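# Descriptive analysis of the structure
Below, each chain spelled out in residue letters.
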Amino acid sequence: MKPKVIVIVGPTASGKTSLSIELAKQTNGEIISSDSMQIYKDMNIGSAKPTIEEMQGIKHYLIDEVLPTERFSVAEYKKRAEKAIEEILKKGKTPIIVGGTGLYVNSLIYGIEYEDINLDEKYREKLMKKAETQSGLEELYREAQKIDELAAQKISPNDKKRIIRILEIYHSTGKTKTMQELESRKNEVKYDYKIYCINMPRDILYERINKRVDIMIEQGLIEEVKSLLKKYPSFPTAMQAIGYKEIVQYLNGSWGRLEAIDKIKQESRRYAKRQITWFKRIENIKWIDGLDKMQNNINIILEELH
RNA sequence: GGGUAGGUGGUCGAGUGGUUAAUGGCACCAGACUGUAAAUCUGGCCGUGAGAGCGUACGUUGGUUCGAAUCCAACCCUACCCA
């Protein structure tokens, strides 16, 4: 029998953190984050990272793992997360995956294998530059079609990142994306994932998001961004984070303070919507009501654990 | 009180007699998603209908015209300037 692993997902501000910590306490569990931004050091307030007090002594993995100057990836995430799962299981404890990054969650629950390849940054830059013009992008798309007709068909001719990816994979492995994806799903999934998504009516969720952004500002998000900018020279991916990029706009004078704050709220709401769309597609996912009493939800999860 | 500019769909903003339910952007809704993913991309978006269509819409009322968001008149409102 495969070991059970609990997975808690849900849109931002749905209450994943508090539920998961309480759950960990009741199941002798430890938490593995599946959040693409909480993994970065020094990005605390804006990524809604749990504080030491909030953690209540529950061990958390994959939080504060990498510097904002580093480039992170799903492949790297998958590797580290599985290592953490093993470590927790070895202790006889329950692994609990918690986070809102659907891509990262999928890498685990579908057991996707990523081969070891290095990113050719120069090549990517070259492609990115070319993709800046409409004609350049069209040309890249045509190249992608030649290499991997099927993969190109599935994406839009405007989808820069995915067009580049098709070319990149071929460039560094000689394989097509389609081929690589087929190989990535060969192995059987090693764990028995029990997946739950916290949800609630959209309007209530949006209110919670708005309120949380205000709290982040009160807690000093602006200061946090300032010191980040001072401390690190570059941010290959970390500055994509909602709440950070907007404050940067404010600090460099492009936006007013209120404008930036409203933008953070709006982007967060839109993000939550995309997250929900993602989670709807996960088969075997169980939806739990974020407005219900926490203990009721925990009981639902506990029941399935035995 | 006088002058000027203007009032367009949830919002911003094009459109100045017919091919206009009305370009765009944004919001919103729905969707996609395998190495940057809090990223990137796609579709829908007045109502009704499966659809052709029908109904209702460009401040209000009335007029000109075969035909008006577009022209005219009066009125209401907004912004700025003068008093």
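## A short note on the pattern of salt bridges
Tallied over the entire structure, the rule returns 27 salt bridges. Between Arg71 and Glu121 there is a salt bridge whose closest N-O contact spans 3.4 Å. One end of the pair, Arg71, is in the loop between strand E3 (60-61) and helix H3 (74-90); the other, Glu121, is in helix H5 (residues 121-130), and 50 residues separate them in sequence. Between Lys175 and Glu183 there is a salt bridge; the shortest N-O distance is 3.1 Å. When its relative accessible area of 21% is taken as the criterion, Lys175 is described as partly exposed. In the salt-bridge network here, residues are joined through shared partners; they are Lys78, Glu82, Glu113 and Lys190.

## Considering the packing of aromatic side chains
Throughout the structure, instances matching the rule amount to four aromatic pairs. A ring pair is formed by Tyr191 and Tyr193, whose centres lie 6.0 Å apart and whose planes are at 75°; its orientation type is edge-to-face. Under the relative-accessibility criterion, Tyr191 is labelled buried at 5%. An angle of 75° between the planes, with centres 6.3 Å apart, marks the rings of Tyr232 and Phe235 as edge-to-face. A relative accessible area of 16% means that Phe235 is categorised as buried. An aromatic cluster of three or more residues is present, and its members are Phe72, Tyr77 and Tyr104.

## Describing a positive patch on the surface
Together, Arg202, Lys245, Lys273, Arg274 and Lys280 make up a region of like positive charge exposed at the surface. For the positive patch, the leading source of residues is helix H13 (residues 257-280), giving three residues.

## Some points on the side chain of Ser268
With respect to the helices, strands and loops of the structure, Ser268 is situated in helix H13. In this view, Ser268 contacts Thr12, Ile209, Val213 and Ile242; residues no more than four positions away in its chain are not counted.

## What about the domain arrangement of chain A?
By a frequent convention, interface size equals the accessible area lost on bringing the separate parts together. Annotation of chain A at the domain level lists domain 1 (4-113 + 187-305) and domain 2 (121-184). With centres defined by C-alpha atoms, the gap from domain 1 to domain 2 works out at 29 Å. Listed by partner, the interface residues are five residues for domain 1 and four residues for domain 2. Of the roughly 330 Å² buried between domain 1 and domain 2, counting both surfaces, carbon and sulfur atoms make up 26%. At the junction of domain 1 with domain 2, the criterion picks out one salt bridge.

## With respect to the pairing of strand E1 (residues 4-9)
Most of E1 is tucked away, with five of its six residues classed as buried. Looking at chain direction, E1 and strand E5 (residues 192-199) are connected through six bridges and run parallel. Of the residues in E5, the one forming a bridge with Lys4 is Asp192. Relative to strand E4 (residues 94-98), E1 runs parallel, the two sharing three bridges. Bridge pairing links Val7 to Ile97 in E4.

## Looking at the protein's contact with RNA strand B
Near RNA strand B lie 45 residues; those nearest to it are Ser36, Glu115, Lys161, Tyr271 and Arg281. Restricting attention to atoms of RNA strand B within 4 Å of the protein, one finds that 60% of them are sugar or phosphate atoms. Residue Gly46 places a main-chain N or O atom 3.3 Å away from a base nitrogen belonging to RNA strand B. Here Ile242 contributes a backbone N or O atom positioned 3.3 Å from a base nitrogen of RNA strand B. Contributing elements (two or more residues each) for the surface near RNA strand B: H3, helix H4 (102-109), H5, helix H8 (160-173), helix H9 (177-184), helix H10 (202-219) and H13. Sorting elements by how many residues they give to the surface near RNA strand B places H13 first, with nine residues. Residues that form the surface near RNA strand B fall into these classes: 15 nonpolar, twelve polar and 18 charged.

## Notes on the packing of helix H6 (residues 134-147) against H8
Two measures define how a pair of helices packs: the angle their axes make with one another and the distance between the axes. Viewed as axis vectors pointing N to C, H6 and H8 meet at an angle of 45°, and their least axial separation amounts to 9 Å. With respect to H8, the element H6 is oriented oblique. By crossing handedness, the relation of H6 to H8 is classed as left-handed. On the side of H6, the interface is formed by Leu137, Leu140, Tyr141, Glu143, Ala144 and Ile147, while H8 contributes Lys160, Ile163, Ile166, Leu167 and Tyr170. Across the contact of H6 with H8, the residue classes tally to nine nonpolar, no polar and two charged.

## Remarks on the nonpolar core
Ranked by internal contacts, the top residues of the largest apolar core, which has 50 residues, are Ile32, Tyr77, Tyr193 and Leu221. With six residues, H3 is the largest single contributor of residues to this core. Among all residues touching Ile32, those that are not within four sequence positions of it are Tyr61, Leu62, Tyr77, Ala81, Ala84, Ile85, Ile88, Pro95, Ile96, Ile97 and Val98. Judged by nonpolar contacts, the second largest core, of 17 residues, contains Ile6, Ile21, Tyr196 and Ile288.

Parameters at a glance
Residues numbered from 1 in each chain as written. Chains lettered and ligands numbered in written order. Predicted model: local features only at pLDDT ≥ 70, side-chain atom pairs only at ≥ 80, totals over all residues. Heavy atoms only, no water. Salt bridge = Lys/Arg side-chain N within 4 Å of Asp/Glu carboxyl O. Helix = DSSP H or I, 4+ residues; strand = E, 2+ residues; numbered from the N terminus. Buried < 20%, exposed > 50% of the residue type's maximum accessible area, 1.4 Å probe, protein only. Phe/Tyr/Trp six-rings, centres within 6.5 Å; stacked < 30°, edge-to-face > 60°. Patch = residues over 30% accessible without salt bridge, like charges linked within 9 Å, V, L, I, M, F, W, Y side chains within 5 Å. Areas by Shrake-Rupley, 256 points an atom, 1.4 Å probe, with all protein chains shown as cover. Lys, Arg positive; Asp, Glu negative; His and termini not counted. Charge placed at Lys NZ, Arg CZ, Asp CG, Glu CD. Contact = heavy atoms within 4.5 Å. Domains from an automatic or database assignment. Buried area = accessible area lost by both parts, 1.4 Å probe. Pairing = 2+ DSSP bridges. Near = heavy atom within 4 Å. Polar contact = N/O pair within 3.5 Å; in protein donor to acceptor, adjacent residues only side chain to side chain. Nonpolar A, V, L, I, M, F, W, Y, C, P; charged D, E, K, R; others polar. Axes fitted to C-alpha atoms, helices over the stretch in contact; angles between N-to-C directions. Parallel < 35°, antiparallel > 145°, perpendicular 65-115°, else oblique. Left-handed = near helix turned anticlockwise from the far one by under 90°. Core = buried A, V, L, I, M, F, W, Y, C linked by side-chain atoms within 4.5 Å.

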